[in-house]
Amino acid sequence: MNKDVIIACDFSSRAATLEFLDRFPEGRKPFVKIGMELFYAEGPAIVRDIKARGHKVFLDLKLHDIPNTVKKAMRVLSSLDVDMVNVHAAGTVAMMRAALEGLTRADGTRPLLIAVTQLTSTSEEVMQQELLIGAGIGDTIVKYASNAREAGLDGVVCSPLEAGMVKQACGPGFLAVTPGIRFADAAADDQVRITTPARAREIGSDFIVVGRPITAAADPVAAYERCMKEFTLSF
Ligand code: C5P
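Conventions used here
- Residues numbered from 1 in each chain as written.
- Predicted model: local features only at pLDDT ≥ 70, side-chain atom pairs only at ≥ 80, totals over all residues.
- Heavy atoms only, no water.
- Axes fitted to C-alpha atoms, helices over the stretch in contact; angles between N-to-C directions.
- Helix = DSSP H or I, 4+ residues; strand = E, 2+ residues; numbered from the N terminus.
- Parallel < 35°, antiparallel > 145°, perpendicular 65-115°, else oblique.
- Left-handed = near helix turned anticlockwise from the far one by under 90°.
- Contact = heavy atoms within 4.5 Å.
- Nonpolar A, V, L, I, M, F, W, Y, C, P; charged D, E, K, R; others polar.
- Buried < 20%, exposed > 50% of the residue type's maximum accessible area, 1.4 Å probe, protein only.
- Arc of directions from axis to C-beta.
- Pairing = 2+ DSSP bridges.
- Right-handed = clockwise from strand over helix to strand, strands pointing away.

A. Examining the packing of helix α4 (residues 67–79) against helix α5 (residues 93–103) more closely. Viewed as axis vectors pointing N to C, α4 and α5 meet at an angle of 30 degrees, and their least axial separation amounts to 7 Å. Our classification of the angle between α4 and α5 gives roughly parallel. In the crossing of α4 with α5, the sense of the turn from one axis to the other is right-handed. Counting all contacts with α4, which are made through P67, V70, K71, M74, R75 and S78, the residues of α5 involved are A94, M95, A98, A99, E101, G102 and L103. The residue inventory of the contact of α4 with α5, partitioned by class, reads 8 nonpolar, 2 polar and 3 charged.

Quick look at the structure:
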């Protein structure tokens, strides 16, 4: 699978999102991520609009519920013709299998399905003392990724710094989709475990998810092209 840059379209409205996408030249159609804020504000129509403009869409809704509910919800998301969706691996192997079943269309095709392991906002201390998960954070991430693989998922969302150990445990074809990307000469914002597009490529990320370094740049198109160049080497 070709490496790609996914732009996190963390805008609060359809107008702001389309205004941003309009800055790209005709024919340049970046892969975009639609998250909860935009989806809950604008509903499925925003997905249809962006797909109709020719973009690939990662719908980042992080489903986590009983298997039957997730299966039915995934059937709806699959009908939106998105390219990638996700669940929380903490929902169990049974829930992830149900998600996959719901996503698979009558003709056998389906969007990519990836799992969130541990959110990068969760520290090992909180995991152990608040959630009573006794294992270390690295072991937990590898176990959750292995569960996702066992359920038949395509990969996980993880920090780029964890991509290597996920690949080692789950195989090179298991996708590592990684936020937490910053250019070497830029501010970290609120991200902690970050790396550059070039380093993410070296460690093994398949897709990098990049928000503010592109959306808040003075020239977003140039920032996107720099990201693509550093990450894919072939742009
Ligand atoms: O602006 P920035 O590049 O930090 O945006 C990263 C995107 O990836 C945001 O949409 C954020 O919600 C998402 N994300 C993340 N860390 C995770 C999971 C998702 O930063 N562990």
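B. How the structure looks around helix α8 (residues 163–170). Those residues of α8 that fall on the buried side of the exposure criterion are A163, V166, K167 and C170. For α8, the angular spread of buried residues about the axis comes to 100 degrees, placing them on one side. Here the buried face of α8 lies against α7 (137–150), β6 (155–157), β7 (175–178) and α9 (197–203). Directly beyond the C-terminal end of α8, a positive phi value near 100 degrees is found at G171.

C. Seen up close, the pairing of strand β2 (residues 31–34). Covered by surrounding structure in β2 are F31 and K33 together with V32 and I34, the residues of both alternating faces. Both strand β1 (residues 4–8) and β2 contribute to a ladder of 3 bridges, which runs parallel. Within the sheet, the bridge partner assigned to I6 lies in β2 and is F31. Handedness of the crossover joining β1 and β2 through helix α1 (residues 14–21) is recorded here as right-handed. Pairing of β2 with strand β3 (residues 57–63), which is carried by 3 bridges, proceeds in the parallel orientation. Residue pairing across strands places V32 opposite V57, the latter belonging to β3.

D. The arrangement of the sheet that holds β7 in detail. Around the barrel, 8 strands lie side by side as β1-β2-β3-β4-β5-β6-β7-β8; this closed barrel has parallel pairing. Across the sheet, the axes of successive neighbouring strands diverge by a mean angle of 25 degrees, strand direction being ignored.

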